[in-house]
Amino acid sequence: MNVFEKDKKYVAGTYARFPVSIASGKGSRLANEDGKVYLDMGSGIAVNTFGAADEELAKAVYEQMLSFQHTSNLYYSSPCASLAEALCLKTGYKKVFFGNSGAEANECAIKVARKWGEEKGKTEILTLINSFHGRTVTTLSATGQEVFHKHFGPFTPGFYSVPANDETSLAAATSEKTAAVMIEFVQGEGGVNVLSPSFVSELFRLAKEKDFLVIADEVQTGNGRTGRYFAYEHYGVFPDVVTTAKGLGGGLPIGACLMGEKVQNVLSFGDHGSTFGGNPSVAAGALSVVNRIDEALLSSVREKGEYIKKRLTGKKGVLSISGMGLMIGVKTPFESAKVAKACLERGVLVLTAKDKIRLLPALNVPYDVLDEALDVLLSVLEEGV
Ligand code: PLP
């Protein structure tokens with residue numbers, strides 16, 4: 001059996017995979033089993049922060065694994081403590097809980113909000129329509145896209161969704177019962193939709209007035225993706241809780257829930273846990289990623305984002321462009337899946353988000369790779385699919 005046959009036979013059929021098997025890669029170039037090269041504009045859905053075969057990441061993990069690969073959370077270990085310290089010093093958050101995925105990071109944030117709200121009688125968590133917060137039953141309950149809810153009810157109670165960028169609905173939906181509002185500053189899966197500054201400032205005004213928490217889901221937008229360490233920085237606000245994953249591990253499974261001053265002591269002994277959370281090998285790798293996300297890299301991400309927008313703006317087949325930094329959505333008159341398929345046939349891997357083409361290249365993507373990939377995308381859009 002080849003890889004396609006074997007996967008179809010033995011892997012649960014939850015993914016509509018493209019007909020490509022990735023066998024190797026370097027940076028933003030990936031190769032299939034026959035050596036055909038693809039330019040990677042997706043980086044594993046915003047995961048491979050420094051591209052494929054990132055030597056610093058591999059070295060950090062390898063060295064840790066040769067020392068000891070795992071210990072339970074019954075003991076201390078330096079990589080976990082150092083990664084939490086690096087995140088707190090970079091961002092101003094006070095405490096970090098580590099899990100293994102974005103959904104788990106969000107589960108932790110939800111537990112923080114529930115426990116914080118418990119004594120105050122605050123039981124509701126508001127999210128936004130079109131949001132995506134994960135695939136566990138509770139993060140699905142938080143996800144404001146009906147399409148993901150099919151088949152899996154009954155859901156965790158206490159979640160309500162309001163439209164993004166609608167200040168009136170937000171004001172009407174929040175009350176003394178609101179424990180938290182959870183948002184993506186740029187909705188990823190929902191279509192690369194950027195929150196408006198006025199909506200964000202109204203949210204933070206309401207949070208103060210009605211005493212609820214703001215949770216930023218930075219699973220996709222975090223770790224430099226939008227040209228700031230976290231996307232909230234573009235808005236001059238400071239959420240009470242931030243969740244992140246994806247790019248944090250640069251390809252390793254990790255999620256983190258960062259807690260600010262107000263909630264830093266909400267979770268106490270026995271409230272939460274994870275066998276693999278803060279695993280030394282993964283934490284050592286993540287630390288090597290976080291340490292390289294400095295101002296020079298962030299400003300290059302902002303520049304590359306502007307460069308992509310400039311190259312696409314006004315071109316045939318480009319209806320509009322959204323996003324920040326290296327998180328870009330491109331609306332075209334064509335079905336996004338068909339555009340992605342045509343790009344793939346010409347050696348470029350792009351993602352989709354609803355009706356848009358989504359570009360999430362590695363943060364260190366070289367300009368020549370970007371140019372080559374954009375040439376292909378533009379030629380596909382010019383010819384039509
Ligand atoms: N939150 C956001 C904003 C995401 O984009 C995702 C995944 O795409 C998740 C949560 C869930 O992350 P994971 O798939 O690691 O559980």
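What you see is a predicted model, and the numbers here were worked out from it, not measured in a lab. (Residues numbered from 1 in each chain as written. Predicted model: local features only at pLDDT ≥ 70, side-chain atom pairs only at ≥ 80, totals over all residues. Heavy atoms only, no water.)

1. What to know about the domain arrangement of the protein
Put simply, the rule is: Domain ranges listed in this record stem from an automatic or a database domain assignment. Residues are treated as being in contact if the distance between any of their heavy atoms lies within 4.5 Å. Once two parts are joined, some of their accessible surface, as seen by a 1.4 Å probe, is lost; buried area is that loss totalled over both. The working definition used for a salt bridge is a side-chain nitrogen of Lys or Arg within 4 Å of a carboxyl oxygen of Asp or Glu. The definition of a polar contact used here is a pair of N or O atoms within 3.5 Å, where within protein one atom must be able to donate a hydrogen and the other to accept one, and adjacent residues in sequence count solely through side-chain atom pairs. Under the scheme used here, helices are H or I runs from DSSP no shorter than 4 residues and strands are E runs no shorter than 2 residues, and both carry numbers assigned from the N terminus. Lys, Arg, Asp and Glu make up the charged group, whereas Ala, Val, Leu, Ile, Met, Phe, Trp, Tyr, Cys and Pro make up the nonpolar group; the residues left over, Gly among them, are polar.
Here the domain parsing of the protein yields domain 1 (3–53 + 296–383) and domain 2 (56–290). Taking only C-alpha atoms into account, the centre of domain 1 sits 25 Å from that of domain 2. Contacts between the two partners involve 26 residues from domain 1 and, on the opposite side, 27 residues from domain 2. Summed over both sides, the interface of domain 1 with domain 2 buries roughly 2,100 Å², with 60% coming from carbon and sulfur. Per-residue buried area on domain 1 facing domain 2 is highest for M324, M327 and K354; these three make up 31% of the total on that side. Seen at the junction of domain 1 and domain 2, the total is one salt bridge. Residue R358 pairs with E189 through a salt bridge whose shortest N-O separation is 2.9 Å. For the pair domain 1 and domain 2, the interface holds 13 residue pairs in polar contact (both at pLDDT 80 or more). Taken together, the elements giving at least two residues each to the side of domain 1 that touches domain 2 come down to α2 (43–46), α10 (295–312), β13 (320–324), β14 (327–331) and β17 (356–359). Looking at side-chain class alone, the side of domain 1 that touches domain 2 contains 15 nonpolar, seven polar and four charged residues.

2. Digging into the pairing of strand β4 (residues 95–99)
As a reminder of what qualifies: Exposure is judged per residue with a 1.4 Å probe applied to protein chains only, and the accessible area is read against the type maximum: over 50% gives exposed, under 20% gives buried, and values in between give partly exposed. A pair of strands is considered paired only if DSSP assigns at least 2 bridges between the two.
By the criterion of burial, β4 is predominantly enclosed, with four of the five residues buried. Sheet topology note: the β4/strand β12 (residues 255–259) ladder contains five bridges and is antiparallel. Bridge pairing in β12 links G99 to G255.

3. Quick notes on the sheet that holds strand β1 (residues 22–26)
Judged by pairing direction, the sheet is mixed, and its four strands sit side by side in the order β1-β2-β3-β15 without closing on themselves. Bordering the open sheet on either side are β1 and β15 (348–349), each of which pairs with just one other strand. Relative to strand β2 (residues 29–32), β1 runs antiparallel, the two being bridged by four bridges. Following the sheet pairing, K26 is matched in β2 by R29.

4. Some details on the nonpolar core
For clarity, the cut-off: Throughout, nonpolar core names a set of buried Ala, Val, Leu, Ile, Met, Phe, Trp, Tyr and Cys residues whose side chains join them through atoms within 4.5 Å.
By size, the foremost hydrophobic cluster in this structure holds 85 residues, and its most contacted members are M41, L83, L87, F98, F185, L312 and L359. Ranked by the residues each element gives to this core, the list is headed by helix α12 (residues 367–383), at nine residues. Split by domain, the residues of this core number at least three in each of domain 1 (3–53 + 296–383) and domain 2 (56–290). Dropping the residues within four chain positions of it, F98 is found in contact with C80, L83, A84, L87, I254, G255, A256, S274, G277 and G278. One finds V112, A180, L213 and M259 within the second-largest nonpolar core, a separate group that totals 20 residues.

5. Observations regarding the site of the ligand
As a reminder of what qualifies: Note on terminology: near, applied to a residue and a molecule or strand, indicates that one of the residue's heavy atoms is within 4 Å of it. All accessibility values rest on the Shrake-Rupley procedure with a 1.4 Å probe; residue burial counts only the protein chains present in the view.
Contacts to the ligand come from 13 residues, most closely from G102, A103, F132, D217 and Q220. Take G102: an N or O atom from its main chain is 2.8 Å from an oxygen atom of the ligand. F132 has a polar backbone atom sitting 3.2 Å from a nitrogen atom of the ligand. Surface burial for the ligand is 82%, taken as the share of its 390 Å² of free accessible area covered by protein chains. It is helix α5 (residues 102–118) that provides the largest number of residues to the shell around the ligand, a total of three residues. Broken down by class, the residue content of the shell around the ligand amounts to three nonpolar, six polar and four charged.

6. Concerning unusual backbone geometry
In this structure, P154 follows G153 across a cis peptide bond, with omega equal to 0 degrees. Mapped onto the fold, P154 is located in the loop between α6 (137–142) and β6 (159–162). One non-glycine residue, S43, lies in the positive phi region at around 45 degrees. With respect to the helices, strands and loops of the structure, S43 is situated in helix α2. The buried category is assigned to S43, whose relative accessible area is 1%.

7. A look at α10
As a reminder of what qualifies: What a helix should span is 1.5 Å times the count of its residues minus one. Directions from the helix axis toward the C-beta atoms define the arc.
The end-to-end C-alpha separation of α10 is 26 Å, in line with the 26 Å expected for 18 residues at 1.5 Å each. Of the positions making up α10, those classed as buried are L297, L298, S300, V301, K304, G305, I308, R311 and L312. All buried residues of α10 lie within an arc of 160 degrees about the axis, which places them on one face of the element. Counted as exposed and oriented over 90 degrees from the buried face of α10: A296 and K310. If you follow the buried residues of α10, they end up packed against β13, β14, β17 and α12. Looking one or two places after α10, you find G314, whose phi comes out positive at around 75 degrees.

8. Points about the pattern of salt bridges
Opposite charge on two side chains lets them pair, provided their charged atoms get close. The final tally for this structure, using the stated rule, is 20 salt bridges. A salt bridge links R29 to D368; its shortest N-O distance comes to 4.0 Å. Of this pair, R29 sits in strand β2 while D368 sits in helix α12; the two residues are 339 residues apart in sequence, bridging distant segments of the chain. Residue class for R29 comes out partly exposed when judged on its relative accessible area of 33%. Put simply, K59 and E63 hold a salt bridge, and the shortest N to O gap is 3.5 Å. Within this pair, K59 and its partner E63 are both found in helix α3 (residues 55–67), separated by four residues, close to a single helical turn. You can call K59 exposed: its relative accessible area is 52%. Via salt bridges that share partners, R29, D368 and E372 belong to a single interconnected network.

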